[in-house]
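Structural overview
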Amino acid sequence: MAPEKMKDRKARPKRSDAGRELSNTLIASKLRGYYDSIVEEGTPKHFLDLLERLDDAERNSTKK
């Protein structure tokens, strides 16, 4: 590693375990909120219709 890079690494303060835990908590909270908002949206009707037609087509093709 280049000497100037070593100096940069030494100059930066190391994050404490508490700092990392706080960051992880914030990330988890954001991800949970994003996931919950997607779940609340539900499945669009046209997508459900498409899935139903695909199921029907699959059932009809296996009967033959």
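Right, let's walk through the structure included here.

Rules used throughout
Residues numbered from 1 in each chain as written. Predicted model: local features only at pLDDT ≥ 70, side-chain atom pairs only at ≥ 80, totals over all residues. Heavy atoms only, no water. Helix = DSSP H or I, 4+ residues; strand = E, 2+ residues; numbered from the N terminus. Buried < 20%, exposed > 50% of the residue type's maximum accessible area, 1.4 Å probe, protein only. Areas by Shrake-Rupley, 256 points an atom, 1.4 Å probe, with all protein chains shown as cover. Patch = residues over 30% accessible without salt bridge, like charges linked within 9 Å, V, L, I, M, F, W, Y side chains within 5 Å. Salt bridge = Lys/Arg side-chain N within 4 Å of Asp/Glu carboxyl O. Expected span 1.5 Å × (residues − 1).

1. Remarks on the overall build of the protein
Helix and strand content of the protein: three helices and zero strands. Counting helices and strands in the order they occur from the N terminus, the protein gives α-α-α. Classification of the 64 residues of the protein by burial places 0% in the buried group. When the accessible surface of the protein is totalled, it reaches about 6500 Å², and 56% of it is carbon and sulfur.

2. Remarks on a nonpolar patch on the surface
Together, Phe 47, Leu 48, Leu 50, Leu 51 and Leu 54 line one region of the surface with nonpolar side chains, adding up to about 420 Å² of accessible area. One can find Leu 51 in helix 3 (residues 45-63).

3. A short note on the pattern of salt bridges
Counted under the stated rule, the structure contains three salt bridges. Of the charged contacts in the structure, one is a salt bridge between Asp 56 and Arg 59, with a shortest N-O distance of 2.9 Å. Of this pair, Asp 56 and Arg 59 both sit in helix 3, three residues apart, which is roughly one turn of that helix. Looking at Arg 59, the relative accessible area reads 46%, which means it is partly exposed.

4. Topic: helix 2 (residues 17-41)
Compared with an ideal rise of 1.5 Å per residue, which puts 25 residues at 36 Å, helix 2 spans 36 Å between its outermost C-alpha atoms and is within 8% of the ideal. Across the 25 residues of helix 2, zero count as buried, placing the element largely on the outside. Positive phi appears at Gly 42, one or two residues downstream of helix 2, with a value of about 75°.

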